[in-house]
Amino acid sequence: MERNQITIVGAGLVGALLAALLAQRGFAVTVYERRRDPRVAGYAGGRSINLALAERGLHGLRLAGMTDTVMRLAVMMRGRMVHHRDGHTELLRYGRDDSEVIWSVSRGRLNTALIDAAEKAGARFEFDRRLTGATFDDGATLRLENEAGVASEAHVAFAIGADGAGSALRAAMNAHAPLGERIEPLGHGYKELEIPAASGASRFAIEPNALHIWPRGNYMCIALPNAEGSFTVTLFLPNEGVPSFTTIDSPAAARKLFERDFADALPLIPDLEADFAANPVGMLATLYLERWHIDGRALLVGDAAHAIVPFHGQGMNCGFEDAVELADLFAAGASDIGAVFAEFERRRRPNAQAIAAMALENYVEMRDSVADPAFLLRRELGRVLAARNPDRFVPRYSMVTFTRMPYAEAFARGAAQERVLRALTAGRQHIGEIDLDAADARVRTAIDPLAS
Ligand SMILES: Cc1cc2nc3c(=O)[nH]c(=O)nc-3n(C[C@H](O)[C@H](O)[C@H](O)COP(=O)(O)OP(=O)(O)OC[C@H]3O[C@@H](n4cnc5c(N)ncnc54)[C@H](O)[C@@H]3O)c2cc1C
């Protein structure tokens with residue numbers, strides 16, 4: 001077994017990008033994947049039909065030489081298009097201009113493109129090989145099984161688990177040496193529906209270049225555009241209470257909910273009842289681990305190490321940062337794999353914890369605050385202060401989405417900024433009531449200058 005042989009479990013988004021980055025750096029990479037080859041069997045579905053790609057994810061794709069391929073599949077989203085109860089809509093831009101946007105991409109197409117790139121760079125994929133267990137002795141022994149139930153074993157120096165939130169490698173590692181696992185269910189789930197492509201000149205039935213949100217307090221709908229003109233709509237509801245997936249438990253109940261709460265979306269979803277009946281309710285949770293590795297024998301990355309709720313659109317983006325960081329550590333040529341894994345965990349775990357917390361906070365912001373005047377005033381003031389103090393004040397959403405500043409730093413700076421905004425807007429209704437020179441002075445005392 002050579003040091004430059006690397007075994008990955010899971011050819012999802014993170015496993016496939018990691019395989020590409022490592023293979024491009026000359027490592028001999030083998031990937032075991034439970035599903036059949038999506039290029040032959042068709043994409044077998046995943047956790048959402050499309051997802052939002054931001055700067056952190058784009059950086060990983062750039063390093064893998066994949067920007068052109070992926071951008072051809074992507075639809076630009078300039079901001080949140082908020083659909084209010086009375087039917088009026090307003091666009092809340094994410095950034096300053098079109099240089100600060102996010103991109104909607106198809107999970108299946110992105111995953112397939114990543115597998116193609118990794119294979120082209122020399123990575124070897126073994127599809128239809130589900131990890132069923134592992135032991136860790138001198139290296140790692142992986143037990144694998146195909147759909148026909150045929151079992152096999154692979155003895156490897158070490159394994160990297162990129163096998164997602166329900167990671168089988170994590171379960172095996174946890175049985176060998178407890179990882180301090182804690183899974184916190186959100187108590188809310190989701191169901192996907194579809195707005196089909198339109199037949200007119202624009203293929204899109206609603207504004208294509210936005211992430212649409214119908215915020216309704218304790219629940220919401222969102223819709224992200226797909227390149228061919230459709231939108232994937234995701235209904236987020238609590239698991240219990242009124243309304244919830246317990247009370248909205250049939251296609252007829254779903255129609256009633258849409259008639260009452262999402263009236264402008266209803267005519268756009270002709271197959272509401274059929275979609276509702278056919279698509280499962282997805283569960284959402286945050287995974288916390290105290291340890292991500294067992295010395296030099298196994299390491300977890302992506303959702304397998306830190307699954308988060310999807311409300312900041314950062315799970316994949318964070319996982320792509322993992323892939324870049326780990327590929328860099330391997331490429332630096334360390335001979336002690338245990339030290340590589342420990343350093344990876346040291347660098348990434350605080351950042352994963354920070355984005356987990358921000359993703360939870362963003363659910364409240366999306367479903368509730370975007371319709372709250374006090375939030376909108378803080379948001380407006382934040383943008384004014386950012387323009388007046390660009391060396392110190394950057395809206396937290398922008399730090400997370402348009403920069404590669406460590407998540408932990410964005411979280412801490414965001415908290416300091418929020419304290420300033422709350423103090424300055426207390427008891428105020430309009431930005432005109434705020435003394436902006438005094439506000440600048442407060443920014444200068446409360447917030448450190450940005451590093452660069
Ligand atoms: C509703 C929803 C919306 C989301 N939206 C966004 C978004 O807009 N932006 C964003 O950045 N993130 C988003 N995410 C998060 C994103 O989906 C995940 O962070 C990302 O998929 C993690 O990639 P991964 O490769 O770690 O895991 P996965 O994508 O889950 O891939 C795991 C892979 O491992 C394979 N596997 C599983 N078990 C085994 C086994 N036993 N043996 C072998 N192979 C196995 C699976 O088949 C799969 O291919 C969203 C998530 C959800 C649920």
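In this convention, every chain numbers its residues from 1, walking through the sequence in written order. Reporting of local features is limited, given that this is a predicted model, to residues whose pLDDT is at least 70; pairs of side-chain atoms are given and counted only at 80 or more, and all residues count toward the totals for whole chains, interfaces and linings. Only hydrogens and water are set aside when side-chain values are computed; all heavy atoms of the structure are taken into account.

Side note on the sheet that holds strand β8 (residues 124–126)
Taken together, the six strands give an open sheet; going across it, the order is β8-β2-β1-β12-β19-β18, and neighbouring strands pair in mixed fashion. Two strands lie at the open edges of the sheet, namely β8 and β18 (293–294), each paired on one side alone. In this structure, strand β1 (residues 5–9) lies alongside strand β12 (residues 159–161), joined through three bridges in parallel fashion. Across the sheet, residue T7 finds its bridge partner in β12, namely A159. Two residues form a contact once any of their heavy atoms are found within 4.5 Å. The convention used is that axes are lines fitted to C-alpha atoms, helices contributing only their stretch in contact, and that angles between N-to-C directions extend from 0 to 180 degrees. Helix and strand definitions follow DSSP, with helices as H or I runs of at least four residues and strands as E runs of at least two, each counted in order from the N terminus. Lying on the sheet, helix α6 (residues 168–176) is in contact with β12, β18 and β19 (298–300); it crosses β19 at an angle near 125°. When DSSP finds two or more bridges between two strands, those strands count as paired.

Here's the deal with the environment of L131
By the element assignment, L131 lies in strand β9 (residues 130–137). Taking the C-alpha atoms as reference, L131 lies 38 Å from N218; in sequence the two are 87 residues apart. Contacts of L131, omitting those with residues within four sequence positions, involve V9, L142, R143, L144, D163, A168 and L169.

What about the layout of surface pockets?
By volume, the second largest pocket amounts to about 660 Å³. Around the second largest pocket, the lining comprises 27 residues; the ones closest to its centre are E365, F375, R396, Y397 and E418. Of all elements in the fold, only β6 (89–93), α11 (337–367), α12 (373–388), α13 (396–402) and α14 (407–425) reach the threshold of two or more residues within the lining of the second largest pocket. In terms of residue count, α14 provides more of the lining of the second largest pocket than any other element does, seven residues in total. When its residues are assigned to classes, the lining of the second largest pocket shows ten nonpolar, seven polar and ten charged. Put simply, the grid is 1 Å and covers the protein atoms alone, a cavity is a trapped set of points that fit a 1.4 Å probe, a pocket is an open set with protein on both sides within 12 Å along at least five of seven lines, and lining residues have an atom within 4 Å of a point. Grid points are joined across faces, edges and corners, and a volume is the space filled by probe spheres set on the points. Residue classes follow a fixed rule: Ala, Val, Leu, Ile, Met, Phe, Trp, Tyr, Cys and Pro count as nonpolar, while Asp, Glu, Lys and Arg count as charged, and any other residue, Gly among them, counts as polar.

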